[in-house]
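What follows is each chain in one-letter form.
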Amino acid sequence: MNTVLVTGGTGFIGSHTCLCLLEMGFYILIIDSNVNSSKKVLNKIKKLSKIPKEDDNRVDFLKCDIRNEDLLNRIFKKKLEENKKITSVIHFAALKSVSESDQFPLKYWDTNVSGTISLLKVMTANDCHTLIFSSSATIYGYSKDGFLKESTPISPINTYGKTKSTIEQILNELFHSQPNLWRIANLRYFNPIGAHPSGFIGEDPFGMPNNIFPLIIKVASREIDYLKIFGNDYDTKDGTGVRDYIHVMDVSEGHMVALDFLTKNEPQIIQVNLGTGKGTSVLELISIFEKVNNLKIPYKFVEKRKGDVAKCVADNSLAQKLLKWSPKKTIEEMCQDGWKWKEKRF
Ligand code: UFG
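Scoring rules and cut-offs
- Residues numbered from 1 in each chain as written.
- Predicted model: local features only at pLDDT ≥ 70, side-chain atom pairs only at ≥ 80, totals over all residues.
- Heavy atoms only, no water.
- Buried < 20%, exposed > 50% of the residue type's maximum accessible area, 1.4 Å probe, protein only.
- Helix = DSSP H or I, 4+ residues; strand = E, 2+ residues; numbered from the N terminus.
- Pairing = 2+ DSSP bridges.
- Expected span 1.5 Å × (residues − 1).
- Salt bridge = Lys/Arg side-chain N within 4 Å of Asp/Glu carboxyl O.
- Axes fitted to C-alpha atoms, helices over the stretch in contact; angles between N-to-C directions.
- Parallel < 35°, antiparallel > 145°, perpendicular 65-115°, else oblique.
- Left-handed = near helix turned anticlockwise from the far one by under 90°.
- Contact = heavy atoms within 4.5 Å.
- Nonpolar A, V, L, I, M, F, W, Y, C, P; charged D, E, K, R; others polar.
- Phe/Tyr/Trp six-rings, centres within 6.5 Å; stacked < 30°, edge-to-face > 60°.
- Lys NZ or Arg CZ within 6 Å of the ring centre and 35° of its normal.
- Core = buried A, V, L, I, M, F, W, Y, C linked by side-chain atoms within 4.5 Å.
- Near = heavy atom within 4 Å.
- Polar contact = N/O pair within 3.5 Å; in protein donor to acceptor, adjacent residues only side chain to side chain.
- Areas by Shrake-Rupley, 256 points an atom, 1.4 Å probe, with all protein chains shown as cover.

A. Structural context of the pairing of strand S12 (residues 268-274). Among the seven residues of S12, five are classified as buried, and the element is accordingly described as predominantly covered. By the bridge criterion, seven bridges tie strand S7 (residues 183-189) to S12 in an arrangement that is parallel. Directly across from Tyr189, in S12, lies its bridge partner Leu274.

Right, here's the structure in full:
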(Lines give C-alpha, C1' and ligand atoms only; values in the text may rest on other atoms or scores of the structure.)
Protein backbone atom coordinates (compact mmCIF):
# COMPACT_ATOMS: atom_id res chain seq x y z
CA MET A 1 0.00 0.00 0.00
CA ASN A 2 1.28 3.48 -0.88
CA THR A 3 1.28 6.40 1.49
CA VAL A 4 0.69 10.10 0.91
CA LEU A 5 2.94 12.19 3.13
CA VAL A 6 1.25 15.41 4.24
CA THR A 7 3.61 18.02 5.69
CA GLY A 8 1.85 20.59 7.85
CA GLY A 9 -1.13 18.26 7.94
CA THR A 10 -2.53 19.48 11.26
CA GLY A 11 -2.84 23.07 10.02
CA PHE A 12 -5.90 24.77 8.52
CA ILE A 13 -5.85 23.62 4.90
CA GLY A 14 -3.75 20.56 5.79
CA SER A 15 -6.31 19.11 8.20
CA HIS A 16 -9.22 19.53 5.77
CA THR A 17 -7.15 17.96 2.99
CA CYS A 18 -6.20 15.00 5.22
CA LEU A 19 -9.88 14.42 5.85
CA CYS A 20 -10.54 14.34 2.08
CA LEU A 21 -7.62 11.92 1.60
CA LEU A 22 -8.99 9.56 4.25
CA GLU A 23 -12.46 9.74 2.75
CA MET A 24 -10.94 8.82 -0.62
CA GLY A 25 -9.32 5.73 0.94
CA PHE A 26 -5.67 6.86 1.02
CA TYR A 27 -3.09 5.86 3.61
CA ILE A 28 -1.65 9.07 5.01
CA LEU A 29 1.28 10.08 7.16
CA ILE A 30 1.02 13.54 8.67
CA ILE A 31 4.11 15.36 9.82
CA ASP A 32 3.93 18.71 11.55
CA SER A 33 6.17 20.70 13.87
CA ASN A 34 3.00 21.95 15.60
CA VAL A 35 4.43 25.46 15.95
CA ASN A 36 1.10 26.83 14.75
CA SER A 37 -1.31 23.92 15.05
CA SER A 38 -2.27 21.15 17.41
CA LYS A 39 -2.14 17.38 17.18
CA LYS A 40 -5.63 17.31 18.70
CA VAL A 41 -7.16 17.70 15.26
CA LEU A 42 -6.10 14.12 14.39
CA ASN A 43 -8.84 12.42 16.36
CA LYS A 44 -11.40 14.77 14.89
CA ILE A 45 -10.26 13.95 11.36
CA LYS A 46 -10.46 10.23 12.14
CA LYS A 47 -13.96 10.60 13.57
CA LEU A 48 -15.23 12.74 10.71
CA SER A 49 -13.85 10.39 8.07
CA LYS A 50 -15.75 7.53 9.77
CA ILE A 51 -12.90 5.09 9.19
CA PRO A 52 -13.58 1.86 11.06
CA LYS A 53 -11.36 1.05 14.07
CA GLU A 54 -9.56 -1.72 12.20
CA ASP A 55 -8.50 0.85 9.57
CA ASP A 56 -6.91 3.13 12.15
CA ASN A 57 -3.52 2.38 10.63
CA ARG A 58 -4.51 4.35 7.53
CA VAL A 59 -3.50 7.51 9.35
CA ASP A 60 -0.22 8.08 11.11
CA PHE A 61 1.28 11.18 12.73
CA LEU A 62 4.85 12.15 13.60
CA LYS A 63 6.02 15.42 15.05
CA CYS A 64 8.74 16.59 12.68
CA ASP A 65 10.20 19.85 11.44
CA ILE A 66 10.84 19.61 7.70
CA ARG A 67 14.30 21.11 8.17
CA ASN A 68 15.28 17.93 10.04
CA GLU A 69 16.61 15.98 7.08
CA ASP A 70 17.78 13.04 9.22
CA LEU A 71 14.40 12.50 10.78
CA LEU A 72 12.66 12.92 7.41
CA ASN A 73 14.93 10.26 5.95
CA ARG A 74 14.18 7.86 8.79
CA ILE A 75 10.46 8.48 8.29
CA PHE A 76 10.65 7.57 4.59
CA LYS A 77 12.69 4.43 5.40
CA LYS A 78 10.32 3.38 8.18
CA LYS A 79 7.31 3.61 5.88
CA LEU A 80 9.13 1.53 3.28
CA GLU A 81 9.87 -1.15 5.89
CA GLU A 82 6.20 -1.17 6.89
CA ASN A 83 5.34 -1.80 3.25
CA LYS A 84 3.66 1.59 3.03
CA LYS A 85 6.05 3.38 0.71
CA ILE A 86 5.64 7.16 0.49
CA THR A 87 4.95 7.76 -3.19
CA SER A 88 3.60 11.31 -3.09
CA VAL A 89 3.82 14.37 -0.89
CA ILE A 90 1.41 17.22 -0.25
CA HIS A 91 3.55 19.98 1.15
CA PHE A 92 1.76 22.53 3.35
CA ALA A 93 4.35 23.01 6.10
CA ALA A 94 5.39 26.67 6.18
CA LEU A 95 5.26 29.88 8.15
CA LYS A 96 2.51 32.06 6.73
CA SER A 97 2.20 35.47 8.32
CA VAL A 98 2.89 38.21 5.78
CA SER A 99 3.70 40.86 8.41
CA GLU A 100 5.90 38.55 10.47
CA SER A 101 7.79 37.53 7.33
CA ASP A 102 8.96 41.10 6.76
CA GLN A 103 10.01 41.38 10.39
CA PHE A 104 11.88 38.08 10.56
CA PRO A 105 12.98 37.28 7.01
CA LEU A 106 15.61 34.71 7.99
CA LYS A 107 13.08 32.66 9.90
CA TYR A 108 10.86 32.57 6.80
CA TRP A 109 13.62 31.77 4.29
CA ASP A 110 14.89 29.06 6.62
CA THR A 111 11.60 27.33 7.40
CA ASN A 112 9.93 27.73 4.02
CA VAL A 113 12.81 27.49 1.55
CA SER A 114 15.49 25.49 3.44
CA GLY A 115 12.72 23.25 4.77
CA THR A 116 11.47 22.55 1.26
CA ILE A 117 14.99 21.86 -0.01
CA SER A 118 15.53 19.35 2.77
CA LEU A 119 12.20 17.69 1.91
CA LEU A 120 13.12 17.55 -1.80
CA LYS A 121 16.51 16.01 -1.03
CA VAL A 122 14.89 13.30 1.05
CA MET A 123 12.20 12.67 -1.57
CA THR A 124 14.89 12.30 -4.23
CA ALA A 125 16.92 9.91 -2.08
CA ASN A 126 13.85 7.80 -1.45
CA ASP A 127 12.55 7.60 -4.98
CA CYS A 128 9.49 9.79 -4.44
CA HIS A 129 8.85 12.28 -7.22
CA THR A 130 5.24 13.40 -6.94
CA LEU A 131 4.62 16.66 -5.11
CA ILE A 132 1.79 19.09 -4.57
CA PHE A 133 3.04 22.40 -3.26
CA SER A 134 1.02 24.98 -1.34
CA SER A 135 1.71 28.14 -3.23
CA SER A 136 -0.13 31.42 -2.95
CA ALA A 137 -1.71 34.22 -4.93
CA THR A 138 0.55 36.55 -2.97
CA ILE A 139 3.35 35.71 -5.45
CA TYR A 140 1.65 37.92 -8.07
CA GLY A 141 2.09 41.15 -6.07
CA TYR A 142 0.67 44.28 -7.71
CA SER A 143 -1.10 43.72 -11.00
CA LYS A 144 -2.86 45.97 -13.48
CA ASP A 145 -6.47 44.99 -12.94
CA GLY A 146 -6.28 42.57 -10.00
CA PHE A 147 -7.53 39.68 -12.13
CA LEU A 148 -4.80 37.08 -12.08
CA LYS A 149 -3.94 34.41 -14.59
CA GLU A 150 -1.15 31.88 -14.09
CA SER A 151 0.77 33.78 -16.78
CA THR A 152 0.58 37.08 -14.85
CA PRO A 153 4.15 38.14 -13.98
CA ILE A 154 5.40 36.92 -10.62
CA SER A 155 6.54 39.85 -8.45
CA PRO A 156 5.89 39.27 -4.77
CA ILE A 157 6.07 42.31 -2.51
CA ASN A 158 6.67 40.62 0.84
CA THR A 159 9.13 38.07 2.19
CA TYR A 160 6.44 35.43 2.61
CA GLY A 161 5.48 35.74 -1.06
CA LYS A 162 9.13 35.71 -2.09
CA THR A 163 9.72 32.43 -0.26
CA LYS A 164 6.72 30.90 -2.08
CA SER A 165 7.82 32.12 -5.53
CA THR A 166 11.38 30.96 -4.85
CA ILE A 167 10.11 27.48 -4.02
CA GLU A 168 8.10 27.45 -7.26
CA GLN A 169 11.31 28.41 -9.07
CA ILE A 170 13.27 25.63 -7.37
CA LEU A 171 10.57 23.14 -8.29
CA ASN A 172 10.62 24.30 -11.91
CA GLU A 173 14.41 23.90 -12.07
CA LEU A 174 14.20 20.51 -10.44
CA PHE A 175 11.56 19.38 -12.91
CA HIS A 176 13.52 20.61 -15.94
CA SER A 177 16.69 18.90 -14.69
CA GLN A 178 14.91 15.55 -15.14
CA PRO A 179 11.72 16.15 -17.10
CA ASN A 180 10.80 12.48 -17.25
CA LEU A 181 10.83 12.02 -13.52
CA TRP A 182 8.92 14.60 -11.53
CA ARG A 183 5.21 15.20 -11.25
CA ILE A 184 4.66 18.57 -9.56
CA ALA A 185 1.66 20.84 -9.00
CA ASN A 186 2.09 24.35 -7.64
CA LEU A 187 -1.36 25.24 -6.36
CA ARG A 188 -1.77 28.97 -5.91
CA TYR A 189 -4.42 29.56 -3.26
CA PHE A 190 -6.37 32.79 -3.14
CA ASN A 191 -8.09 33.48 0.22
CA PRO A 192 -9.20 30.21 1.85
CA ILE A 193 -11.77 30.72 4.60
CA GLY A 194 -14.64 28.81 6.23
CA ALA A 195 -14.46 25.40 7.86
CA HIS A 196 -15.70 21.86 7.44
CA PRO A 197 -19.54 22.03 7.29
CA SER A 198 -19.76 19.88 10.47
CA GLY A 199 -18.05 22.69 12.40
CA PHE A 200 -15.69 20.13 14.00
CA ILE A 201 -12.51 21.31 12.31
CA GLY A 202 -11.54 24.78 11.17
CA GLU A 203 -8.88 27.46 11.34
CA ASP A 204 -7.23 27.56 14.72
CA PRO A 205 -4.18 29.83 14.60
CA PHE A 206 -2.13 30.44 17.74
CA GLY A 207 -2.07 34.08 18.90
CA MET A 208 -3.76 37.03 17.23
CA PRO A 209 -4.56 36.43 13.56
CA ASN A 210 -3.82 38.96 10.79
CA ASN A 211 -6.30 37.69 8.23
CA ILE A 212 -9.73 39.12 7.96
CA PHE A 213 -11.88 36.03 8.41
CA PRO A 214 -10.52 34.81 11.76
CA LEU A 215 -10.69 38.45 12.89
CA ILE A 216 -14.37 38.71 11.93
CA ILE A 217 -14.93 35.55 13.96
CA LYS A 218 -13.19 37.16 16.94
CA VAL A 219 -15.42 40.24 16.65
CA ALA A 220 -18.52 38.04 16.34
CA SER A 221 -17.55 36.16 19.50
CA ARG A 222 -16.79 39.48 21.25
CA GLU A 223 -13.14 38.63 21.83
CA ILE A 224 -12.38 41.93 20.12
CA ASP A 225 -14.67 44.97 20.01
CA TYR A 226 -14.60 45.84 16.33
CA LEU A 227 -12.91 45.09 13.04
CA LYS A 228 -10.41 47.58 11.69
CA ILE A 229 -11.00 47.97 7.98
CA PHE A 230 -7.78 48.90 6.25
CA GLY A 231 -8.73 51.75 3.91
CA ASN A 232 -11.95 52.90 2.26
CA ASP A 233 -10.66 54.68 -0.83
CA TYR A 234 -9.34 51.85 -2.96
CA ASP A 235 -10.37 51.87 -6.59
CA THR A 236 -12.97 49.14 -5.99
CA LYS A 237 -16.77 48.94 -5.92
CA ASP A 238 -17.08 50.38 -2.39
CA GLY A 239 -13.54 51.55 -1.66
CA THR A 240 -12.55 48.52 0.44
CA GLY A 241 -10.16 45.75 -0.62
CA VAL A 242 -11.53 43.04 -2.90
CA ARG A 243 -10.41 39.41 -2.51
CA ASP A 244 -11.28 36.01 -3.90
CA TYR A 245 -12.48 34.11 -0.84
CA ILE A 246 -12.70 30.37 -1.35
CA HIS A 247 -14.13 27.66 0.90
CA VAL A 248 -11.42 25.54 2.48
CA MET A 249 -13.26 22.37 1.38
CA ASP A 250 -13.05 23.49 -2.25
CA VAL A 251 -9.32 24.13 -1.79
CA SER A 252 -8.89 20.65 -0.26
CA GLU A 253 -10.85 19.13 -3.12
CA GLY A 254 -8.41 20.88 -5.47
CA HIS A 255 -5.62 18.76 -3.96
CA MET A 256 -7.55 15.56 -4.60
CA VAL A 257 -8.00 16.35 -8.28
CA ALA A 258 -4.41 17.57 -8.64
CA LEU A 259 -3.09 14.33 -7.11
CA ASP A 260 -5.28 12.28 -9.38
CA PHE A 261 -4.18 14.32 -12.40
CA LEU A 262 -0.47 14.00 -11.57
CA THR A 263 -0.57 10.26 -10.97
CA LYS A 264 -2.59 9.52 -14.09
CA ASN A 265 -0.53 11.64 -16.48
CA GLU A 266 3.01 11.89 -17.80
CA PRO A 267 5.62 13.60 -15.60
CA GLN A 268 5.05 17.33 -15.74
CA ILE A 269 4.93 20.52 -13.69
CA ILE A 270 1.79 22.63 -13.51
CA GLN A 271 0.96 25.90 -11.78
CA VAL A 272 -2.71 26.39 -11.11
CA ASN A 273 -4.81 29.08 -9.42
CA LEU A 274 -7.30 27.86 -6.84
CA GLY A 275 -9.86 30.61 -6.48
CA THR A 276 -13.53 31.14 -7.27
CA GLY A 277 -13.01 33.90 -9.83
CA LYS A 278 -15.39 36.12 -7.83
CA GLY A 279 -14.32 39.20 -5.93
CA THR A 280 -15.84 40.21 -2.59
CA SER A 281 -15.07 43.48 -0.81
CA VAL A 282 -14.44 43.75 2.92
CA LEU A 283 -17.79 45.51 3.39
CA GLU A 284 -19.61 42.83 1.39
CA LEU A 285 -17.95 40.05 3.40
CA ILE A 286 -19.02 41.68 6.66
CA SER A 287 -22.56 42.17 5.44
CA ILE A 288 -22.91 38.56 4.24
CA PHE A 289 -21.44 37.25 7.51
CA GLU A 290 -23.92 39.36 9.48
CA LYS A 291 -26.86 38.25 7.39
CA VAL A 292 -26.28 34.49 7.36
CA ASN A 293 -25.35 34.31 11.02
CA ASN A 294 -27.74 36.94 12.29
CA LEU A 295 -24.99 38.86 14.04
CA LYS A 296 -23.53 42.37 14.09
CA ILE A 297 -19.89 43.01 13.19
CA PRO A 298 -18.93 46.50 14.36
CA TYR A 299 -16.10 48.06 12.35
CA LYS A 300 -14.07 51.23 11.98
CA PHE A 301 -12.11 52.45 9.00
CA VAL A 302 -8.40 52.89 9.66
CA GLU A 303 -5.29 53.61 7.54
CA LYS A 304 -4.49 51.31 4.65
CA ARG A 305 -2.21 48.40 5.53
CA LYS A 306 1.24 48.51 3.95
CA GLY A 307 1.58 46.07 1.06
CA ASP A 308 -2.17 45.51 0.51
CA VAL A 309 -3.41 45.48 -3.06
CA ALA A 310 -6.84 46.86 -4.05
CA LYS A 311 -8.01 43.70 -5.76
CA CYS A 312 -6.82 40.11 -6.05
CA VAL A 313 -9.14 37.72 -7.91
CA ALA A 314 -8.32 34.47 -9.68
CA ASP A 315 -8.79 33.55 -13.27
CA ASN A 316 -9.55 29.90 -12.49
CA SER A 317 -10.14 28.73 -16.06
CA LEU A 318 -6.97 26.61 -16.09
CA ALA A 319 -8.07 24.65 -13.01
CA GLN A 320 -11.45 24.08 -14.65
CA LYS A 321 -9.95 22.98 -17.94
CA LEU A 322 -6.95 20.97 -16.80
CA LEU A 323 -8.11 19.52 -13.49
CA LYS A 324 -11.86 19.60 -14.16
CA TRP A 325 -12.13 21.36 -10.83
CA SER A 326 -14.53 24.11 -10.01
CA PRO A 327 -15.38 25.51 -6.60
CA LYS A 328 -18.85 24.57 -5.40
CA LYS A 329 -19.40 26.50 -2.21
CA THR A 330 -20.81 29.99 -1.93
CA ILE A 331 -19.51 32.87 0.16
CA GLU A 332 -22.63 32.43 2.34
CA GLU A 333 -21.56 28.83 3.11
CA MET A 334 -18.04 30.01 3.90
CA CYS A 335 -19.45 32.48 6.45
CA GLN A 336 -21.89 29.96 7.94
CA ASP A 337 -19.39 27.10 8.25
CA GLY A 338 -16.65 29.34 9.66
CA TRP A 339 -19.00 30.58 12.38
CA LYS A 340 -20.32 27.09 13.12
CA TRP A 341 -16.74 26.00 13.88
CA LYS A 342 -16.39 28.82 16.39
CA GLU A 343 -19.79 28.19 18.00
CA LYS A 344 -18.91 24.54 18.58
CA ARG A 345 -15.98 25.67 20.73
CA PHE A 346 -17.93 28.02 23.01
N1 UFG B 1 -8.36 43.46 6.09
C2 UFG B 1 -8.92 44.43 6.87
N3 UFG B 1 -8.75 44.36 8.21
C4 UFG B 1 -8.04 43.37 8.81
C5 UFG B 1 -7.45 42.37 8.00
C6 UFG B 1 -7.65 42.46 6.65
O7 UFG B 1 -9.57 45.36 6.38
O8 UFG B 1 -7.90 43.39 10.05
C9 UFG B 1 -8.58 43.49 4.64
C10 UFG B 1 -7.30 43.64 3.83
O11 UFG B 1 -6.95 44.98 3.67
C12 UFG B 1 -7.71 42.95 2.52
C13 UFG B 1 -8.68 41.87 2.98
O14 UFG B 1 -9.14 42.27 4.24
O15 UFG B 1 -8.37 43.84 1.70
C16 UFG B 1 -8.05 40.49 3.10
O17 UFG B 1 -6.93 40.54 3.94
P18 UFG B 1 -6.25 39.22 4.54
O19 UFG B 1 -5.16 39.66 5.46
O20 UFG B 1 -7.29 38.33 5.10
O21 UFG B 1 -5.70 38.50 3.25
P22 UFG B 1 -4.65 39.00 2.16
O23 UFG B 1 -5.38 39.02 0.85
O24 UFG B 1 -3.97 40.23 2.56
O25 UFG B 1 -3.58 37.86 2.18
C26 UFG B 1 -4.01 36.51 2.23
C27 UFG B 1 -2.99 35.72 3.04
C28 UFG B 1 -1.75 35.51 2.27
C29 UFG B 1 -2.08 34.98 0.92
C30 UFG B 1 -3.00 35.90 0.19
C31 UFG B 1 -3.34 35.34 -1.15
O32 UFG B 1 -2.69 36.36 4.25
O33 UFG B 1 -0.97 34.56 2.96
O34 UFG B 1 -4.18 36.04 0.95
O35 UFG B 1 -4.11 36.23 -1.88
F36 UFG B 1 -0.95 34.85 0.22
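B. Structural detail: helix H9 (residues 282-293). In this model, H9 (twelve residues) spans 17 Å end to end at C-alpha, consistent with the 16 Å of a helix rising 1.5 Å per residue. Those residues of H9 lying buried are Val282, Leu285, Ile286, Ile288, Phe289, Glu290 and Asn293. Asn294 lies just past H9 and shows a positive phi near 55°.

C. Main features of the pattern of salt bridges. This structure, assessed with the given rule, holds 22 salt bridges. Lys121 serves as the salt-bridge partner of Glu69, at 3.6 Å between the closest nitrogen and oxygen. With Glu69 in helix H3 (residues 69-81) and Lys121 in helix H5 (residues 105-125), this residue pair connects regions lying 52 residues apart in the sequence. Of the residues examined, Glu69 reaches a relative accessible area of 30% and is grouped as partly exposed. Residue classification places Lys121 among the partly exposed positions, given a relative accessible area of 47%.

D. Representation of the packing of helix H7 (residues 212-220) against helix H11 (residues 331-343). Viewed as axis vectors pointing N to C, H7 and H11 meet at an angle of 55°, and their least axial separation amounts to 10 Å. Compared by their axis directions, H7 and H11 come out oblique. Once H7 is placed against H11, the crossing between them reads as right-handed. Contacts from Phe213, Ile217 and Ala220 in H7 reach Met334, Cys335, Gly338, Trp339 and Lys342 in H11. Residue composition of the contact of H7 with H11, grouped by class: six nonpolar, one polar and one charged.

E. Region of interest: the packing of aromatic side chains. The full count for this structure, using the stated rule, is four aromatic pairs. For the ring pair Phe289 and Trp339, a centre distance of 6.1 Å and an interplane angle of 75° mean the geometry is edge-to-face. In this pair, Phe289 is assigned in helix H9 and Trp339 in helix H11, connecting sequence segments 50 residues apart. We classify Phe289 as buried; its relative accessible area is 0%. Every member of this aromatic cluster is reached through a ring pair, and the members are Phe213, Phe289 and Trp339. Across from the ring centre of Tyr234, 4.5 Å away, lies the NZ or CZ of Lys304, which sits over that ring.

F. View of the nonpolar core. In this structure, Leu21, Ile28, Ile132, Leu187 and Leu323 are the most contacted members of the largest nonpolar core, which totals 41 residues. Sorting elements by how many residues they give to this core places helix H8 (residues 248-264) first, with nine residues. With residues near it in sequence (within four places) discarded, Ile132 still touches Val89, Ile90, His91, Ala185, Leu187, His255, Ala258, Leu259 and Leu262. By size, the runner-up hydrophobic cluster in this structure holds 25 residues, among which are Ile66, Val89, Leu131 and Ile269.

G. Main features of the sheet that holds strand S6 (residues 147-148). Pairing in this open sheet of four strands is mixed, and the strands run S6-S15-S10-S13 from one edge to the other. Where the open sheet ends on each side, the last strands, each with one partner, are S6 and strand S13 (280-281). Examined bridge by bridge, strand S10 (residues 242-243) and S13 share two bridges and lie antiparallel to one another. What sits directly across from Val242, in S13, is Ser281.

H. Up close: the site of the ligand. Around the ligand sit 21 residues in total, of which Ser136, Asn211, Lys228, Arg243 and Asp308 are the nearest. Within the backbone of Ile212, an N or O atom sits 2.8 Å from an oxygen atom of the ligand. Here an oxygen atom of the ligand and a backbone polar atom of Phe230 are 2.9 Å apart. Out of a free accessible area of 680 Å², the ligand has 90% covered by protein chains. When residues of the shell around the ligand are traced back to their parent elements, those giving at least two are H7 and strand S9 (227-230). The element contributing the most residues to the shell around the ligand is S9, with three residues. Partitioning the shell around the ligand into residue classes produces eleven nonpolar, six polar and four charged.

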